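Summary of structural features
These are the residues of each chain, in order.
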Amino acid sequence: MQDNQLQEWVERVSLQYFGIPFRHQATFNGRLKSTGGRYFTKSHNIEISPHQLTNYGEEETEKIIKHELCHYHLHILKRGYQHRDADFKQLLAKVGGTRFCKSLPEGVKRKQEPYRFKLVCRSCGTEYLRKRKTDPRRYACGKCRGILLLYKLDFNSKT
């Protein structure tokens, strides 16, 4: 399915279940892996995860579209559009949207990033593996409060 087909689908769902047209952009975003969709309060655009459509079909994806349209319409009407708001919960139940999307299978989720750095305590030798570079002067050893030294690991190494 292409973005233009998604746009038509979102516009159709908006009119059918909310009775109000959707006048902004709806697009797929392949980077969305832990969430089914997003609504942007500044631009009023909606992004949907194509992985949800691929793995769970149109029925589940339409529930996600309804969820995002609840955010959209309530925000435009200046009513409670956040998950915790009563207006949002009532409208979501009324239109049959889903509160949470289904988790994606393990093969689709983001791959685990390797450890690239190691902090080593000068006093006790405790090692702390890190995925991102950090400034060792900002931290101290959790066991002895000693000074930490930063080492870059070989990319293929796990320790």
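Above this text sits the structure in question.
Please read all numbers here as calculations on a predicted model, not as lab measurements.

**Re the sheet that holds strand β4 (residues 117-121)**
- With respect to topology, three strands assemble into an open sheet ordered β5-β4-β6, the strand pairing being antiparallel. Of all the strands in the sheet, the pair left with one neighbour each is β5 (127-130) and β6 (148-152). Between one strand and the next, the sheet's axes are offset by a mean angle of 25 degrees, whatever the strand orientation.
- Where β4 lies against β6, five bridges are found, and the strand directions are antiparallel. The partner of L119 across the bridge, within β6, is L150.

**Observations regarding the packing of aromatic side chains**
- One pass over the structure, following the stated rule, counts two aromatic pairs.
- Taken together, the ring pairs connect F22, Y39 and Y72 into an aromatic cluster.
- It is K66 that lies over the ring of Y17; its NZ or CZ is 3.9 Å from the centre.
- For K131, the ring lying beneath its charged end belongs to Y115, and the centroid distance is 5.6 Å.

Procedures and definitions
Residues numbered from 1 in each chain as written. Predicted model: local features only at pLDDT ≥ 70, side-chain atom pairs only at ≥ 80, totals over all residues. Heavy atoms only, no water. Pairing = 2+ DSSP bridges. Helix = DSSP H or I, 4+ residues; strand = E, 2+ residues; numbered from the N terminus. Axes fitted to C-alpha atoms, helices over the stretch in contact; angles between N-to-C directions. Phe/Tyr/Trp six-rings, centres within 6.5 Å; stacked < 30°, edge-to-face > 60°. Lys NZ or Arg CZ within 6 Å of the ring centre and 35° of its normal.

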